[in-house]
Amino acid sequence: MQTIQHWIDGSLVPGGETAPVFNPATGAEQARVLLGGAAEVDAAVTAASAAFETWSQSSLSRRIQVMFAFRQLLVDHEEELARIISAEHGKTVGDARGEIVRGREVVEFACGLGDILRGGFSDQVSRGVDVHDFRQPLGVVAGITPFNFPAMVPLWMHPIAIATGNTFVLKPSERDPSAANFVADLYRRAGLPDGVFNVVHGGKDAVDAILAHSGIEAVSFVGSTPIARYVHEQATAHGKRVQALGGAKNHAVVLPDADLEFAANHITAGAYGSAGERCMAVSVAVAVGAAADELVAILERKAREVKVGPGDAPGTEMGPLVTKAAQERVENAVGTAAAQGATVVVDGRGLKIDGHENGFFTGPSLLDHVTAEMDAYKEELFGPVLAVVRVATLDEAIDLINANPYGNGTALFTDSGEAARRFQRKVKVGMIGINVPVPVPMSYYSFGGWKDSLIGDSPIHGPEGVRFYTRPKVVTTRWPRPAQQIDAGFAFPTSS
Ligand code: NAD
């Protein structure tokens, strides 16, 4: 059986304990992954620190040329990478291609950093004095990423970190670790020097070693809220810069004036796409007033039409969950919802796929008459379960969303510009879709939620990514003419 190794200083590094990597569609163990700890993190940081000395001094043009080459390799190997992701995560190959494309857009953003890194210049701020600023990389930075986007989420981080001159240590999810090594090899082929991009596999031990390592300047984390909070606390306690994105409970509000067929179509795709394992998945449909009965009827029809199967089978729209534990958690949640008074309109529990009887499959579930007090509303289920909450007005829907501890994404389906404007201004959520169910921002905007969906204050990629991975210097310059007399006052200098 294959053992997935670390990638440190341009080479695969063997050794140490391992954990199983499953094929979620069959339930079979298909590989083992190394579980690194302090020694492996230290080796990666040592390599990255040495590489920083030269990489940070390389020209901006050189760094951007590597990004252009890396982008082309991502295009050329999209299908291969998509199949690797699908085999370990369970999502469909088409969905995996989508995450590669969205991640690649961050590389494209990084290819344009020459413009974004341009500093400011102020002429003659005082007599004979000019000021300019520029940004410099931090040093060695680390990324800790979740299972649900094994290519895209790391791509939110490392292209910007590397293009701005940092060196990078990635700790991907131990559930689907192969994409990280594949990307490391693409970087090598793109001409990135050894040690600039490293991968240490593992779980909590590797994370703890990253958080405590004095050679790491900044940590980017994406994952569940409790771990985001832990990472934020530990990394800041060790003096590091942190961006820590957490979990979500995303509401899609449907007003009676919306095209209900359109809304239900998009909410169905947003709820059950990737088996609901997206931080921007729609997990709550908020039906306003007279929209409710017809909306639920259409949602039911569409949930029953979803084609569930192995991610690499033609025609599959929804694959299995990532682990047996996830499958059990989601199916238990449907049972709890029923016990707490929700109506189970579509019950996805117990689904068996021919030839894949041991796969971690569960079908789409649709719950109606869910209330804010029920566990199915309060918990992030991270599976193909859509809860319908019925409210009387748009303002009641906004109050519901604002009272929820999460604030990652939300959507409004309506025909009314006035309602859309009121919604987007009042709702306490970071990313908003108007008739768009999964409003993931383009790479040149930043990505990040509010409240418990983002711990601290730093969203990811786009201009915020450049800010995060660099720090500014401001230079005040005077070039006096020879023999020119300029008083050196003892009072604090002011401009004149
Ligand atoms: P997770 O929090 O379990 O794991 C994320 C990372 O933290 C992994 O690399 C994992 O190895 C590590 N980790 C897990 N437990 C740890 C511990 N006790 N101590 C230290 N490190 C630990 O998340 P997941 O299950 O891999 O991913 C799903 C979660 O990620 C969901 O909550 C989802 O909403 C969230 N997510 C959020 C965003 C966003 O942009 N806000 C994007 C994708 C996923």
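The structure presented is a predicted model; accordingly, all values stated were derived computationally and were not measured.

A. Inspection of the environment of L60 at higher detail. Mapping L60 onto the fold places it in helix 2 (residues 60-76). Measuring from C-alpha to C-alpha, the distance between L60 and L113 comes to 8.5 Å, with 53 residues separating the pair along the chain. Setting aside its immediate chain neighbours within four residues, L60 contacts G114, L117 and A163.

B. Region of the structure containing the domain arrangement of the chain. Each assigned domain of the chain is listed with its residue range as follows: domain 1 (3-246 + 453-475) and domain 2 (250-434). Centre-to-centre separation of domain 1 and domain 2, based on C-alpha positions: 31 Å. With 20 residues of domain 1 in contact, the opposing surface of domain 2 contributes 24 residues. Summed over both partners, the interface of domain 1 with domain 2 buries about 1700 Å², with 60% contributed by carbon and sulfur atoms. Three residues, A25, T92 and S453, lead the burial of domain 1 against domain 2; their summed loss comes to 28% of the area buried on that side. Between R278 and D95 there is a salt bridge, with the nearest N and O atoms lying 2.9 Å from each other.

C. Representation of the layout of surface pockets within the structure. Empty space within the largest pocket amounts to approximately 720 Å³. Residue lining of the largest pocket: 32 residues in total, with P146, F147, R175, G223 and S224 positioned closest to the centre. The set of elements that each furnish at least two residues to the lining of the largest pocket consists of helix 8 (204-212), strand 11 (216-222), helix 9 (225-237) and helix 12 (324-339). No other element matches helix 12, which puts three residues into the lining of the largest pocket. For the lining of the largest pocket, the per-class residue count stands at 15 nonpolar, 10 polar and seven charged. Per-domain counts for the lining of the largest pocket show at least three residues from each of domain 1 (3-246 + 453-475) and domain 2 (250-434). In this structure, the second largest pocket spans a volume of roughly 500 Å³. In terms of lining, the second largest pocket is formed by 18 residues, of which the most central are S126, V129, R478, I486 and T494. Secondary structure elements with two or more residues in the lining of the second largest pocket: strand 6 (121-126), strand 7 (129-137) and strand 23 (470-478). At three residues, the largest contribution of residues to the lining of the second largest pocket is made by strand 23. Residue composition of the lining of the second largest pocket, by class: seven nonpolar, eight polar and three charged.

D. Structural context of the site of the ligand. Taken together, 27 residues sit near the ligand, with K171, E174, S224, G246 and E380 positioned nearest. In this structure, an oxygen atom belonging to the ligand sits 3.4 Å away from a side-chain N or O atom of R175. Between the ligand and G246 there is a distance of 2.7 Å, counted from a nitrogen atom to a backbone nitrogen or oxygen. With respect to the pocket detection grid, the ligand is positioned in the largest pocket. The set of elements that each furnish at least two residues to the shell around the ligand consists of helix 8 and strand 11. When its residues are assigned to classes, the shell around the ligand shows 14 nonpolar, eight polar and five charged. There are two domains that each give the shell around the ligand at least three residues, and those are domain 1 (3-246 + 453-475) and domain 2 (250-434).

E. The arrangement of empty space enclosed by the protein in detail. This model, assessed by the stated rule, comprises five cavities of 30 Å³ or more. A volume near 110 Å³ is recorded for the largest cavity. Residue lining of the largest cavity: 15 residues in total, with G276, A281, S283, E380 and F382 positioned closest to the centre. Residues of the lining of the largest cavity, tallied by class, amount to eight nonpolar, four polar and three charged. Counted as a void, the second largest cavity has a volume near 70 Å³. Residue lining of the second largest cavity: W7, G10, A184, Y187, R188, L192, P193, D194, G195, V196 and F197, and that is the complete set. No other element matches helix 7 (residues 178-189), which puts three residues into the lining of the second largest cavity.

Quick notes on the rules
Residues numbered from 1 in each chain as written. Predicted model: local features only at pLDDT ≥ 70, side-chain atom pairs only at ≥ 80, totals over all residues. Heavy atoms only, no water. Helix = DSSP H or I, 4+ residues; strand = E, 2+ residues; numbered from the N terminus. Contact = heavy atoms within 4.5 Å. Domains from an automatic or database assignment. Buried area = accessible area lost by both parts, 1.4 Å probe. Salt bridge = Lys/Arg side-chain N within 4 Å of Asp/Glu carboxyl O. 1 Å grid on protein atoms, 1.4 Å probe; cavity = no way out; pocket = protein on both sides within 12 Å on 5 of 7 lines; lining within 4 Å. Points joined across faces, edges and corners; volume = space filled by probe spheres on them. Nonpolar A, V, L, I, M, F, W, Y, C, P; charged D, E, K, R; others polar. Near = heavy atom within 4 Å. Polar contact = N/O pair within 3.5 Å; in protein donor to acceptor, adjacent residues only side chain to side chain. Sits in = over half its atoms within 2 Å of the grid points.

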